[in-house]
Amino acid sequence: MEKRKANLAVLVSGSGSNLAALIDAVNTGIITEGMISLVVSNKKDAYALQRAENAGIPCLSAKRSDFATDEEFDKHLLSSLKAHRIDLVLLAGYMRILTKPLLEAYNERILNIHPSLLPEFGGIGMYGMKVHEEVIRTGITVSGCTVHIVNEHVDQGPILAQASVSVFPDDTPDSLAARILKEEHRLYPATVEKFLTGFRI
Ligand code: GRF
């Protein structure tokens, strides 16, 4: 029997350049074992939603403030993931910490990309430009990005892949972020494909 493609959901909050890289990877055959079946945003105005719409991918946006608790919010997302028969969840600039209902339902089936070489510069409060500001402040000469499995400890799940870049003396957080983002766009799709190869649906 032919193996069916895994249904992927991408969770976003912002620009969605990683989402765009994942969409491209499906279209160009870098990702062959999965298809993006749903994009979920917790921000109605996230540009990522526009990208998903342009690509004809079903989208859902939901506001945390419309729910009583973080868990209720995640239960709502979970019901949509289930309705779309999602097999693997990809966090791509998703700015919320996941709670039990999602973590338990998708145990070892949620991946994230983080813009540093974890375990360095990770954890609660270490996101977006804050990561790059801190890297530059400490004066280290190498940074990068990490794809990891998501568990209940923020940025501490098993590491699947990393890519490194140089940090130059004249770097700003913006210039460093751009250099790392380029690597993210290559690393995330390649790692997803590798992960799916050994994936049991
Ligand atoms: C990326 O740097 C990613 O590593 C981090 O959030 C950023 C998202 O960027 N988790 P984008 O929305 O994919 O452009």
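The structure under discussion appears in the preceding block.
From a predicted model like this one, the values you see are computed outputs, not experimental measurements.

Caption draft 1: Seen up close, the sheet that holds strand β3 (residues 59–61). The strand order across the open sheet built from seven strands is β3-β2-β1-β4-β5-β6-β7, with neighbouring strands paired in mixed fashion. Looking at strand neighbours, the two that pair on one side only are β3 and β7 (159–166), the edges of this open sheet. Between one strand axis and the next, the sheet turns by 20 degrees as a mean value, whatever way the strands run. For strand β4 (residues 88–91) and strand β5 (residues 110–114), the ladder comprises three bridges, and the chain directions are parallel. Considered in β5, the bridge of Val 89 is made with Ile 110. Running over the sheet, helix α6 (residues 173–197) touches β1 (6–12), β2 (34–41), β4, β5, β6 (142–149) and β7 and is turned about 155 degrees from β7.

Caption draft 2: View of the pattern of salt bridges. Counting across every chain of the model gives seven salt bridges. Put simply, Asp 171 and Arg 179 hold a salt bridge, and the shortest N to O gap is 2.7 Å. With relative accessibility at 8%, the residue Asp 171 sits in the buried group. Each of Arg 64, Asp 70 and Arg 96 takes part in salt bridges that share partners, so that together they form one network.

Caption draft 3: Fine view of the site of the ligand. Ser 15, Gly 16, Ser 17, Asn 18, Gly 93, Ile 113, His 114, Pro 115, Leu 181 and Glu 184 make up every residue found near the ligand. A distance of 2.6 Å is found between an oxygen atom of the ligand and a side-chain nitrogen or oxygen belonging to Ser 17. For the shell around the ligand, the secondary structure elements donating two or more residues are α1 (17–28), β5 and α6. For the shell around the ligand, the residue count by class is three nonpolar, six polar and one charged.

How each quantity is defined
Every chain's residues receive numbers from 1 upward, in the order its sequence appears when written. pLDDT decides what is reported in this predicted model: residues at 70 or higher carry local features, side-chain atom pairs at 80 or more are listed and counted, and totals for whole chains, interfaces and linings draw on all residues regardless. For the side-chain quantities, the full set of heavy atoms in the structure was used; hydrogens and water were omitted. Being paired, for any two strands, means DSSP has found at least two bridges between them. Strands are runs of DSSP state E lasting at least 2 residues, helices are runs of H or I lasting at least 4, and numbering of each runs from the N terminus. Inter-axis angles, ranging from 0 to 180 degrees, are taken between N-to-C directions of lines fitted to C-alpha atoms, where helices are fitted over the stretch in contact. By the convention used here, residues are in contact when the closest approach between their heavy atoms is within 4.5 Å. Here, a salt bridge means any Lys or Arg side-chain nitrogen found within 4 Å of an Asp or Glu carboxyl oxygen. Each residue gets one of three labels from its accessible area relative to the maximum for its type: buried under 20%, exposed over 50%, partly exposed in between, using a 1.4 Å probe on protein chains only. Nearness is defined per residue: one heavy atom within 4 Å of the molecule or strand is enough. By the criterion applied in these results, polar contacts are pairs of N or O atoms within 3.5 Å in which, for protein atoms, one can donate a hydrogen and the other can accept it, and in which residues neighboring in sequence qualify only through two side-chain atoms. Charged means Asp, Glu, Lys or Arg here, nonpolar means Ala, Val, Leu, Ile, Met, Phe, Trp, Tyr, Cys or Pro, and polar covers whatever is left, Gly included.

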